[in-house]
Amino acid sequence: MNRQAVTHPQRKNTNRIVAGVCVAFFGGMIGMAYAAVPLYAMFCQATGYGGTVKRATQQYADRVLDRDITIRFDANTAGVPWQFQPVARSITVKIGETSQAHYSATNKLNYATAGRATFNVQPELAGPYFNKVECFCFTDATLKPGETLDMPVVFYVDPDIINVPELKDLKTITLSYTMFPVEKNEKNKPVVSSAPVKDKSNKVSHTEGSLGG
């Protein structure tokens, strides 16, 4: 009887400890699951993994090659009531040249709506070498009824891309944006248009009358 009286409280304490560890572990797993998406997005933007455009740490490449590459522009919408499209479907630039292109978005409804764009590049291996200097991506934009917004993107292709065996003969890179609606409970933030890059910019012009998203 005395032995049971001693071990019973100890067993209770052990069970409480085990239960506490399990709860803490479960809570930690939930926290990691919620953190996984933004952390993965940050990782992709820093490294260009999975076709995500790499965030540039400088405005210009260290050199410009005498070699052309064509950048194609793609636009899609996923539930946002906007007409979202590139101003031009493609431009041809020098590898290493800092260039500027434009997208436009028009709210087709009779009340204000908000959207936010995500992006990637194809082929995926080109992601680490497509450097985004300025971009409207991941920034909330609110458009009034019928309002149209100019959305510039400034970029350059890292000259080191020619050192990658799979990419050394690459002729075309596709930059693709998808516009999503912003939930009503989120704080809307207007897009701030970036100023054109002086001297080395390559502002695209209208090449087609009607461009689909």
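Up top you'll find the structure we're talking about.
1. Examining the nonpolar core
And step 1. Ile71, Phe84, Ile173 and Tyr177 are the most contacted members of the largest nonpolar core, which totals 36 residues.
And step 2. Those elements that provide at least two residues to this core are strand 2 (68-77), strand 3 (82-86), strand 4 (90-94), strand 5 (99-107), strand 6 (113-122), strand 8 (141-143), strand 9 (148-157) and strand 10 (172-181).
And step 3. Ile173 has contacts with Ile69, Thr70, Ile71, Arg72, Val121, Gln122, Ala126, Phe130, Val157 and Ile161, leaving out every residue within four places of it along the chain.

2. So, the packing of aromatic side chains
And step 1. Considering all chains together, one arrives at ten aromatic pairs under this definition.
And step 2. Relative to Tyr103, the ring of Phe84 lies with its centre 5.5 Å away and its plane at 25°, an arrangement referred to as stacked. One end of the pair, Phe84, is in strand 3; the other, Tyr103, is in strand 5, with 19 residues separating them in the sequence.
And step 3. Overall, Phe84 belongs to the buried group, its relative accessible area being 2%.
And step 4. On the basis of an interplanar angle of 85° and a centroid distance of 6.2 Å, the ring pair of Phe84 and Phe136 is categorised as edge-to-face. Of the two residues, Phe84 is situated in strand 3 and Phe136 in the loop between strand 7 (130-134) and strand 8; the sequence distance between them amounts to 52 residues. This pair shows no difference in class: Phe84 is buried, exactly as Phe136 is.
And step 5. Among the aromatic side chains, those forming a connected cluster through ring pairs are Phe73, Phe84, Tyr103, Phe119, Phe130, Phe136, Phe138, Phe155 and Tyr177.

3. As for the environment of Ser104
And step 1. Relative to the elements of secondary structure, Ser104 occurs in strand 5.
And step 2. Ser104 sits in the buried class, given a relative accessible area of 17%.
And step 3. A C-alpha to C-alpha distance of 5.6 Å links Ser104 and Leu149, two positions 45 residues apart in sequence.

4. Some words on the sheet that holds strand 4
And step 1. The mixed open sheet is built from five strands, whose spatial order is 4-2-10-6-8. Sheet topology places strand 4 and strand 8 at the edges, where each strand pairs with a single neighbour. When the angles between neighbouring strand axes are averaged without regard to direction, this sheet yields 30°.
And step 2. Sheet topology places strand 6 next to strand 8; three bridges connect them, and they run antiparallel. Counterpart to Gly115 in the pairing with strand 8 is Ala141.

5. Observations regarding the pairing of strand 3
And step 1. In terms of burial, strand 3 is a largely internal element, four of the five residues being buried.
And step 2. Note: strand 3 against strand 5, five bridges, orientation antiparallel. Note that in strand 5 the partner of Gln85 across the bridge is Ser104.

6. A closer look at unusual backbone geometry
And step 1. Note the cis peptide between Gln122 and Pro123, where omega equals 0°.
And step 2. Relative to the elements of secondary structure, Pro123 occurs in the loop between strand 6 and strand 7.
And step 3. Unlike most non-glycine residues, Phe138 shows phi in positive territory, near 60°.
And step 4. On the secondary structure map, Phe138 appears in the loop between strand 7 and strand 8.
And step 5. Residue Phe138 is classed as partly exposed on the basis of its relative accessible area, which comes to 38%.

7. Examining the pattern of salt bridges
And step 1. Counted by the stated rule, this structure contains five salt bridges.
And step 2. Residues Arg63 and Asp62 are paired through a salt bridge, measuring 3.0 Å at the closest nitrogen-oxygen approach.
And step 3. For Arg63, a relative accessible area of 32% translates into the label partly exposed.
And step 4. A salt bridge links Lys94 to Asp68, with the nearest nitrogen and oxygen atoms 3.0 Å apart. Remark: Asp68 occurs in strand 2 and Lys94 occurs in strand 4; sequence separation between them is 26 residues.
And step 5. Under the relative-accessibility criterion, Lys94 is labelled partly exposed at 28%.
And step 6. Connected via shared salt-bridge partners are Asp62, Arg63 and Asp160.

Basis of the calculations
- Residues numbered from 1 in each chain as written.
- Predicted model: local features only at pLDDT ≥ 70, side-chain atom pairs only at ≥ 80, totals over all residues.
- Heavy atoms only, no water.
- Core = buried A, V, L, I, M, F, W, Y, C linked by side-chain atoms within 4.5 Å.
- Buried < 20%, exposed > 50% of the residue type's maximum accessible area, 1.4 Å probe, protein only.
- Helix = DSSP H or I, 4+ residues; strand = E, 2+ residues; numbered from the N terminus.
- Contact = heavy atoms within 4.5 Å.
- Phe/Tyr/Trp six-rings, centres within 6.5 Å; stacked < 30°, edge-to-face > 60°.
- Pairing = 2+ DSSP bridges.
- Axes fitted to C-alpha atoms, helices over the stretch in contact; angles between N-to-C directions.
- Salt bridge = Lys/Arg side-chain N within 4 Å of Asp/Glu carboxyl O.

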